[in-house]
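Results of the structural survey
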Amino acid sequence: MALIVQKYGGTSVGSLDRIRNVANRIKRLRDEGNQVVAVVSAMGGVTDKLIAMANDLNDEPAERELDVLLSTGEQQSIALVSMALHELGIEAVSVTGRQAGIKTTGSHTRGKIDAIDPSLMRQYIDDDKVVICAGFQGLREDGMIHTLGRGGSDLSAIAVAASLNADVCQILTDVDGVYTCDPRVVKDARKMPEVSYDEMLEMASSGTKVMQSRSVEFAKKYGVIFEVRSSLNDNPGTIVTEEHDNM
Ligand code: ADP
Ligand code: ASP
Ligand code: MG
């Protein structure tokens, strides 16, 4: 039995059908005897829409309130994914960043993960429940709701995988791996079976970004090996690790 941490990005939970697809994928892993913690993003477009509303009301919305507002996107998805799992007969529980024990530090809207106390998640896992964890959010040391910067669910997933010492960490997205460049822009981009943390960071600094850079730095620091793969098919993805030998 493996403990699998997965992250589903905005497109992967972008509609109710996509949420059903996520629930089916998680059920499949459960049927194979695995324990699953899924970190989920807000439904695609929701975070942008919330930011647009804030900017419509105020030229300079208070960052504290932006954190309160933006964290609601992920809170919607964790409840919806859990409900879709219940419909399939799977026992699932949602946890917000605070409930997941994600402790953050830094300025509002640009939080960094300081530590995770995964005891509640661990308790649910021990009770054989699937845990659906809100990405992109945590609780700051002063008790404030805190978000982790755009794309921050990637960081949540890597940090949760590290804190639970997961056997497998998968970043599920709308492409089936890391390509030599953005496959939506460059038609003959090539999928790489393996890539190093440093190469991922170099790609991000040159503008092609498939994951939030801070999440890759975190993975490098804590030695979290992960796979980037598609939430829409079963193609093997790209393993991201310290060393590799295929480029
Ligand atoms: P998610 O919503 O799952 O977090 P993102 O939109 O943040 O997904 O990231 C996935 C997108 O990253 C892909 O749709 C793709 O267009 C883009 N991308 C940019 N560079 C690359 C690359 N080198 N390899 C794969 N995807 C890339
Ligand atoms: N919902 C947040 C964003 O759109 C976080 C994430 O999706 O990773 O940036
Ligand atoms: Mg992303």
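Going by the structure above, here's the rest.
Residues numbered from 1 in each chain as written. Chains lettered and ligands numbered in written order. Predicted model: local features only at pLDDT ≥ 70, side-chain atom pairs only at ≥ 80, totals over all residues. Heavy atoms only, no water.

Some thoughts on the overall build of the protein chain
- In terms of regular secondary structure, the protein chain is built from seven helices and 12 strands.
- For the protein chain, the C-alpha radius of gyration of 17 Å lies close to 18 Å, the compact-globule estimate for 247 residues.
- Counting only C-alpha atoms and orienting by the principal axes, one finds that the protein chain spans roughly 50 × 40 × 35 Å.
- A separation threshold of at least 6 residues defines the contact pool for the protein chain, and within that pool the share at least 24 residues apart is 72%. (Helix = DSSP H or I, 4+ residues; strand = E, 2+ residues; numbered from the N terminus. Rg over C-alpha atoms; globule rule 2.2 N^0.38 Å. Contact = heavy atoms within 4.5 Å.)

Here we look at unusual backbone geometry
- Phi angles above zero are rare outside glycine, and Thr109 is one such case at about 70°.
- Relative to the assigned elements, Thr109 resides in the loop between strand S4 (102–105) and strand S5 (112–116).
- Of note, Asp128 is a non-glycine position whose phi angle comes to about 70°, a positive value.
- Position of Asp128 among the secondary structure elements: in the loop between helix H4 (119–126) and strand S6 (130–134).

So, the pairing of strand S12 (residues 238–241)
- Strand direction decides the pairing type here: strand S10 (residues 194–196) and S12, joined by three bridges, are parallel. Looking at the pairing, Glu194 lines up with Ile239 of S12.
- Here strand S11 (residues 226–230) pairs with S12 via three bridges, running antiparallel. Pairing of Val228 across the sheet is with Thr238, part of S12. (Pairing = 2+ DSSP bridges.)

Observations regarding the packing of aromatic side chains
- Inspection of every chain in the model, using the stated rule, returns one aromatic pair.
- Judged by centre distance (4.6 Å) and plane angle (35°), the ring pair of Phe218 and Tyr222 falls under tilted. Of this pair, Phe218 and Tyr222 both sit in helix H7 (residues 213–222), separated by four residues, roughly a single helical turn.
- By relative accessible area, Phe218 is classed as buried at 15%. (Phe/Tyr/Trp six-rings, centres within 6.5 Å; stacked < 30°, edge-to-face > 60°. Buried < 20%, exposed > 50% of the residue type's maximum accessible area, 1.4 Å probe, protein only.)

Looking at the sheet that holds S5
- An order of S5-S4-S7-S8 is seen for the four strands of this open sheet, with the pairing classed as mixed. Either end of the sheet is taken by a strand with one partner, and the two such strands are S5 and strand S8 (145–147). Direction aside, neighbouring strands of the sheet carry axes that sit 50° apart on average.
- With two bridges joining them, S4 and strand S7 (residues 137–140) adopt parallel strand pairing. (Axes fitted to C-alpha atoms, helices over the stretch in contact; angles between N-to-C directions.)

Describing the site of ligand 2
- Close to ligand 2 lie Ser41, Ala42, Thr47, Glu74, Phe136, Arg150, Gly151, Gly152 and Ser153, which account for all nearby residues.
- Within the backbone of Gly152, a nitrogen or oxygen atom sits 3.4 Å from an oxygen atom of ligand 2.
- Under a 2 Å grid-point criterion requiring more than half of the atoms, the pocket assigned to ligand 2 is the largest pocket. (Near = heavy atom within 4 Å. Polar contact = N/O pair within 3.5 Å; in protein donor to acceptor, adjacent residues only side chain to side chain. 1 Å grid on protein atoms, 1.4 Å probe; cavity = no way out; pocket = protein on both sides within 12 Å on 5 of 7 lines; lining within 4 Å. Sits in = over half its atoms within 2 Å of the grid points.)

Side note on the sheet that holds S6
- Strand order in this open sheet of eight strands is S3-S6-S2-S1-S9-S11-S12-S10, and the pairing throughout is mixed. The sheet is open, and its two edges are formed by strand S3 (92–95) and S10, each paired on a single side. Direction aside, neighbouring strands of the sheet carry axes that sit 25° apart on average.
- When strand S1 (residues 3–8) meets strand S9 (residues 168–173), the two strands line up parallel, connected through five bridges. Paired with Ile4 across the two strands is Val168, which belongs to S9.
- Lying on the sheet, helix H5 (residues 153–164) is in contact with S1, strand S2 (35–40), S6, S9 and S11; it crosses S1 at an angle near 175°.

All we've got here are geometric facts, nothing functional implied.
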